[in-house]
Amino acid sequence: DVKVTQSSRYLVKRTGEKVFLECVQDMDHENMFWYRQDPGLGLRLIYFSYDVKMKEKGDIPEGYSVSREKKERFSLILESASTNQTSMYLCASKGARTDTQYFGPGTRLTVL
Amino acid sequence: GNSVTQMEGPVTLSEEAFLTINCTYTATGYPSLFWYVQYPGEGLQLLLKATKADDKGSNKGFEATYRKETTSFHLEKGSVQVSDSAVYFCALSALTGGFKTIFGAGTRLFVKA
């Protein structure tokens, strides 16, 4: 079974802090994604990566950056956290030849 | 651009009731269509999918048929259980969108015993 893990289930940070969210997948997938999930808005794509050191902006990249130094790991960085970044963050991965995404359990981030 | 619209929730049903969650889409070409499910405290997981017109996806008693003429992919189950309580997301993936997956807003289902 594909396993996607995220470093924290719950995180509380203060406004202005730098926040790192880590995601690791064990299926050698080329593609990895970061979404945020908010009530009534569904999932919105923040960034994705189709290869090591490659990244593409999604629909809402402002205030975020990403890093993919190894194939299995995709990190989301909030350079200076703000209260409007309080949300559930979901990581997903996908193989190059499939159309199914595999999701981690999510990190619920609260910015105070 | 490509988009997915699904019925707003929450939907509350009694156990053994019939379930329909409506989903319509807008896309050029021939997208693949999906239903993902998110159980409480978990990430999303694929429930079923269909890749071409008139295909029927099915899993765990759930079904959805790809209807190109009505651009719809409605989710149905004949007899729901308490364990089906979750949030259901309709989604599409299309070449015209660079194969990014577009998700609907999600529909929360509560099933009462």
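Look above for the structure.
Let us look at the structure shown here.

What counts and how
Residues numbered from 1 in each chain as written. Chains lettered and ligands numbered in written order. Predicted model: local features only at pLDDT ≥ 70, side-chain atom pairs only at ≥ 80, totals over all residues. Heavy atoms only, no water. Salt bridge = Lys/Arg side-chain N within 4 Å of Asp/Glu carboxyl O. Contact = heavy atoms within 4.5 Å. Buried area = accessible area lost by both parts, 1.4 Å probe. Polar contact = N/O pair within 3.5 Å; in protein donor to acceptor, adjacent residues only side chain to side chain. Helix = DSSP H or I, 4+ residues; strand = E, 2+ residues; numbered from the N terminus. Nonpolar A, V, L, I, M, F, W, Y, C, P; charged D, E, K, R; others polar. Phe/Tyr/Trp six-rings, centres within 6.5 Å; stacked < 30°, edge-to-face > 60°. Buried < 20%, exposed > 50% of the residue type's maximum accessible area, 1.4 Å probe, protein only. Pairing = 2+ DSSP bridges. Axes fitted to C-alpha atoms, helices over the stretch in contact; angles between N-to-C directions. Core = buried A, V, L, I, M, F, W, Y, C linked by side-chain atoms within 4.5 Å.

Some details on the pattern of salt bridges
Counted by the stated rule, this structure contains 11 salt bridges over all chains. Here glutamate 63 of chain B and lysine 56 of chain B are joined by a salt bridge, their closest N and O atoms 3.6 Å apart.

Let's talk about the interface of chain A and chain B
Contact with chain A, which involves 17 residues of that partner, is made by 17 residues of chain B. Summed over both partners, the interface of chain A with chain B comes to about 1,300 Å²; 51% of that surface belongs to carbon and sulfur atoms. Considering only the surface of chain A that becomes buried against chain B, Leu43, Asp99 and Phe103 of chain A emerge as the three largest contributors, covering 36% of it. Our count for the contact surface shared by chain A and chain B stands at 1 salt bridge. One salt bridge connects lysine 49 of chain B with aspartate 99 of chain A, and the closest N-O pair in it is separated by 2.8 Å. Where chain A meets chain B, there are 5 residue pairs in polar contact (both at pLDDT 80 or more). Mapped by element, the contributors of at least two residues to the side of chain A that touches chain B are strand S4 (31-38) and strand S5 (42-49) of chain A. Counting residues per element, the side of chain A that touches chain B draws most heavily on S5 of chain A, which supplies 4 residues. Counted by class, the side of chain A that touches chain B contains 8 nonpolar, 6 polar and 3 charged residues.

Side note on the packing of aromatic side chains
A complete count under the given rule lists 11 aromatic pairs over all chains for this structure. On the numbers, 6.2 Å between centres and 25° between planes, the contact of phenylalanine 33 of chain A with tyrosine 35 of chain A is stacked. Owing to a relative accessible area of 1%, tyrosine 35 of chain A belongs among the buried residues under this scheme. Seen from their ring centres, tyrosine 25 of chain B and tyrosine 66 of chain B are 6.1 Å apart, and the 80° between their planes marks the pair as edge-to-face. Of this pair, tyrosine 25 of chain B sits in strand S4 (residues 23-26) while tyrosine 66 of chain B sits in the loop between strand S8 (62-65) and strand S9 (75-77), and the two are 41 residues apart along the sequence. Residue tyrosine 25 of chain B shares its accessibility class with tyrosine 66 of chain B, and that shared class is buried. Cluster of aromatic residues (ring-pair linked, three or more members): Phe33, Tyr35, Phe48 and Phe103 of chain A together with Phe34, Tyr36 and Phe103 of chain B.

Describing the side chain of serine 75 of chain A
Residues and elements named next belong to chain A. Within the fold, serine 75 resides in strand S8 (residues 73-78). Residue classification places serine 75 among the buried positions, given a relative accessible area of 8%. Of note is the side chain of serine 75, whose polar atom sits 3.0 Å from the side chain of glutamate 22.

Looking at the sheet that holds strand S1 (residues 4-6) of chain A
Strands pair in a sheet through their backbones, by hydrogen bonds, and they do so in one of two ways: parallel or antiparallel. Residues and elements named next belong to chain A. Spatial strand order, S1-S3-S8-S7: 4 strands in an open sheet with antiparallel pairing. Looking along the sheet, the strands with just one partner apiece sit at the ends: S1 and strand S7 (64-70). Going from strand to strand, the sheet's axes swing by 20° on average, the running direction of each strand aside. Bridge count between strand S3 (residues 19-25) and S8: 6 bridges; the pairing is antiparallel. Bridge pairing links phenylalanine 20 to isoleucine 77 in S8.

Some thoughts on the nonpolar core
Residues Leu19, Trp35, Leu47, Leu48, Phe73, Leu75 and Tyr88 of chain B are the most contacted members of the largest nonpolar core, which totals 27 residues. Mapped onto this core, the elements with two or more residues apiece are strand S2 (11-14), strand S3 (19-21), S4, strand S5 (32-38), strand S6 (44-50), S8, strand S10 (86-93) and strand S12 (107-112) of chain B. In terms of nonpolar packing, the next biggest core, distinct from the first, is built from 20 residues, Ile60, Tyr89, Cys91 and Val111 of chain A among them.

Remarks on the environment of lysine 57 of chain A
Residues and elements named next belong to chain A. Of note, lysine 57 is situated in strand S6 (residues 56-57). Taking the C-alpha atoms as reference points, lysine 57 and isoleucine 46, 11 residues apart in sequence, are found 6.5 Å from one another. Those residues in contact with lysine 57, other than ones at most four positions away along the chain, are Ile46, Tyr47 and Phe48.

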